[in-house]
Each structure stands twice: as structure tokens, then as C-alpha cells.
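# Structural overview
Chain residues, written in single-letter form:
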Amino acid sequence: MKIIKYKVGDLIELKKPHPCGGKEFRVLRVGGDMRVVCVACGRDMNIDRLKLEKATKRIISSENDKDDASQKGDRI
């Protein structure tokens, strides 16, 4: 199994929806236990890293990528 590298601020899409209907979550804390918050309803939860890796469909975006892009635009 491939190890997914999560960063704080990443927006991830899960395979199954949250009970509120949302599939997108924002990463608040990384480590053995991950803390994520549902974008649709705001519910936050702690989840085991392996369980989250299996449930992740894709990483939609990263705040770090946006920061890097804006800094590159400022230099030009």
C-alpha cells in the first residue's frame, strides 16, 4: 500500500460521504491519528491514519500549493 503524504490544510475527498452528504474534508492535524473537519457541516473528528488512507479517494488541493503559486507570481 502506498503511503499518502498529508499536510495541514490539505483538502481531501473520501470514497464514502459523511452522513451530512459531504465528501470533502480539510486536514487539521497529521500524525498517527489525523484530525479532519467536514467542509459541508463543520464537524471535526479524529481518525486513525491507516483508516483515512484507505478511505481517501484523492487529494483535491493543498494550501501549501496555493501559497507557493502566489509567491512565484509575486517574484515575476
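Now for a quick tour of the structure. Just so it is clear, the model here is predicted, and its values are computed rather than measured. Just so you know, the residues in each chain are numbered from 1, in the order the chain's sequence is written. Only residues with pLDDT of at least 70 get local features here, since the model is predicted, and only at 80 or more are side-chain atom pairs given and counted; chain-wide, interface and lining totals rely on the full set of residues. Values shown for side chains rest on all heavy atoms present in the structure; no hydrogens or waters enter the calculation.

### Here's the deal with the nonpolar core
Note the following rule: Here the nonpolar core consists of buried residues drawn from Ala, Val, Leu, Ile, Met, Phe, Trp, Tyr and Cys, with membership extended through side-chain atoms lying within 4.5 Å. For every residue, the accessible area obtained with a 1.4 Å probe (protein chains only) is divided by the maximum for its type, and the residue is called buried under 20%, exposed over 50%, and partly exposed between those limits. Put simply, DSSP marks the helices as runs of H or I at least four residues long and the strands as runs of E at least two long, and each gets a number from the N terminus on. Only heavy atoms matter for contacts: two residues are in contact if any of them lie within 4.5 Å across the pair.
Formed by Tyr6, Ile12, Leu14, Phe25, Val27, Met34, Val36, Cys38, Ile47 and Leu52, the largest nonpolar core amounts to ten residues. Elements that contribute at least two residues to this core include exactly strand 1 (11–14), strand 2 (24–29) and strand 3 (33–38). Looking at which element gives the most residues to this core, the answer is strand 3, with three residues. Met34 has contacts with Tyr6, Val27, Arg29, Met45, Asn46, Ile47, Arg49 and Leu52, leaving out every residue within four places of it along the chain.

### Focus on the pattern of salt bridges
In plain terms, the rule: In what follows, salt bridge is the name for a side-chain nitrogen of Lys or Arg lying within 4 Å of a carboxyl oxygen of Asp or Glu.
As enumerated under the stated definition, the model contains three salt bridges in all. Across the pair Arg35 and Asp44 runs a salt bridge whose closest N-O atoms are separated by 2.3 Å. Since its relative accessible area comes to 32%, Arg35 is described here as partly exposed. Arg49 is paired through a salt bridge with Glu53; the nearest N and O atoms lie 3.2 Å apart. Note that Arg49 and Glu53 are positioned in helix 1 (residues 49–55) at a spacing of four residues, about one turn of the helix.

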